[in-house]
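# Chain and residue survey
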Amino acid sequence: MIGGFITWIYFGQRAEAIIALHVGISTPIILQKLATSLPQTDGSKNIIATPQATVHRFFTW
C-alpha cells in the first residue's frame with residue numbers, strides 16, 4: 001500500500017505503467033533498508049559503536 005501511495009504522489013496520473021510498477025515495488029524495500037540501517041543509540045557511549053552508515057553499507061545485505 002505504501003508503494004502505491006508513494007507512486008501516486010510522485011507520478012500522479014502521468015506515469016507509464018512499467019515505471020510505476022518498479023517504483024511501487026522498490027519503495028517498501030528502500031524504506032525497510034533505511035529503517036534497519038539506522039544506528040541504535042542504546043547503551044554506553046564508551047564502547048566501540050557500529051560502523052558509520054555509508055552508501056556502501058546501505059546497499060549490502
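Residues numbered from 1 in each chain as written. Predicted model: local features only at pLDDT ≥ 70, side-chain atom pairs only at ≥ 80, totals over all residues. Heavy atoms only, no water.

## Considering the confidence of the model for the protein chain
- Chain-level statistics for the protein chain give a pLDDT mean of 76 and a share of 79% at 70 or above.
- Model confidence for the protein chain, summarised as mean pLDDT per element, is weakest for helix H3 (residues 55-58) at 78 and strongest for helix H2 (residues 17-36) at 83. (pLDDT = per-residue confidence, 0-100. Helix = DSSP H or I, 4+ residues; strand = E, 2+ residues; numbered from the N terminus.)

## Some points on helix H1 (residues 2-11)
- Residues of H1 that are buried: Gly3, Thr7 and Phe11. Across the axial projection of H1, the buried residues extend over an arc of 40°, all falling on one side. Away from the buried face of H1 by more than 90 degrees, exposed residues Ile2 and Trp8 are located.
- Looking at the buried residues of H1, the elements they touch are H2.
- Just downstream of H1, Gly12 is the residue with a positive phi angle, here 70°. (Buried < 20%, exposed > 50% of the residue type's maximum accessible area, 1.4 Å probe, protein only. Arc of directions from axis to C-beta. Contact = heavy atoms within 4.5 Å.)

## Describing the environment of Ser26
- Inspection of the secondary structure puts Ser26 in helix H2.
- On the basis of relative accessibility, which here comes to 27%, the residue Ser26 falls in the partly exposed class.
- On a C-alpha basis, the gap between Ser26 and Gly3 in space is 7.3 Å, while along the polypeptide they are 23 residues apart.
- At 2.9 Å, the side chain of Ser26 and the backbone oxygen of His22 are in polar contact. (Polar contact = N/O pair within 3.5 Å; in protein donor to acceptor, adjacent residues only side chain to side chain.)

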